[in-house]
Amino acid sequence: MMHLIMAFSYWITLHNVCELGMIWCSNLGAAGLTAGVWIMFRMDVLPEHGGAFPVEISGPFITSVTLGMMYGHTVTQTMTDVARGIAALIILMHVALCFRL
């Protein structure tokens, strides 16, 4: 169930930013759904088994911030470079999530 909500969070983030241009709605939707996924993870995995702070599950929210940097009103080359670096970090977070689960 956690993966279904996480996939929906990625979809709603991309839909809000890339198709509708609503960056703040994307941030709020991703934050709410990421919090829900964190709660599901905490209920499923005990803290003594690595469930204390699932940083890699926050991918949809970080994606929302990254897309906001890329598609914002005033985009500079520095913002684009930072957003690309954060996008690489998101891929590494997914690899870490695969190893954790």
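Just so we're clear, the structure is a prediction, and the values are computed from it rather than from any experiment.

S.K.: Break down a nonpolar patch on the surface for me, citing the residues and quoting the values.
M.R.: A cluster of nonpolar residues, I91, V95 and F99, forms a patch on the protein surface that exposes about 350 Å² of accessible area. Considering the arrangement of structural elements, one finds F99 in helix 4 (residues 77-100).

S.K.: If you had to explain the packing of helix 1 (residues 2-20) against helix 3 (residues 59-70) to someone new, which residues and values would you point to?
M.R.: Running from N to C, helix 1 and helix 3 cross one another at 10°; their axes reach a closest spacing of 9 Å. Classified by the interaxial angle, the pair formed by helix 1 and helix 3 is roughly parallel. Residues M6, S9, Y10, T13, L14 and V17 of helix 1 form the contact with helix 3, whose participating residues are G59, P60, T63, S64 and L67. For the contact of helix 1 with helix 3, the residue count by class is 6 nonpolar, 5 polar and no charged.

Cut-off values and rules
- Residues numbered from 1 in each chain as written.
- Predicted model: local features only at pLDDT ≥ 70, side-chain atom pairs only at ≥ 80, totals over all residues.
- Heavy atoms only, no water.
- Patch = residues over 30% accessible without salt bridge, like charges linked within 9 Å, V, L, I, M, F, W, Y side chains within 5 Å.
- Areas by Shrake-Rupley, 256 points an atom, 1.4 Å probe, with all protein chains shown as cover.
- Salt bridge = Lys/Arg side-chain N within 4 Å of Asp/Glu carboxyl O.
- Helix = DSSP H or I, 4+ residues; strand = E, 2+ residues; numbered from the N terminus.
- Axes fitted to C-alpha atoms, helices over the stretch in contact; angles between N-to-C directions.
- Parallel < 35°, antiparallel > 145°, perpendicular 65-115°, else oblique.
- Contact = heavy atoms within 4.5 Å.
- Nonpolar A, V, L, I, M, F, W, Y, C, P; charged D, E, K, R; others polar.

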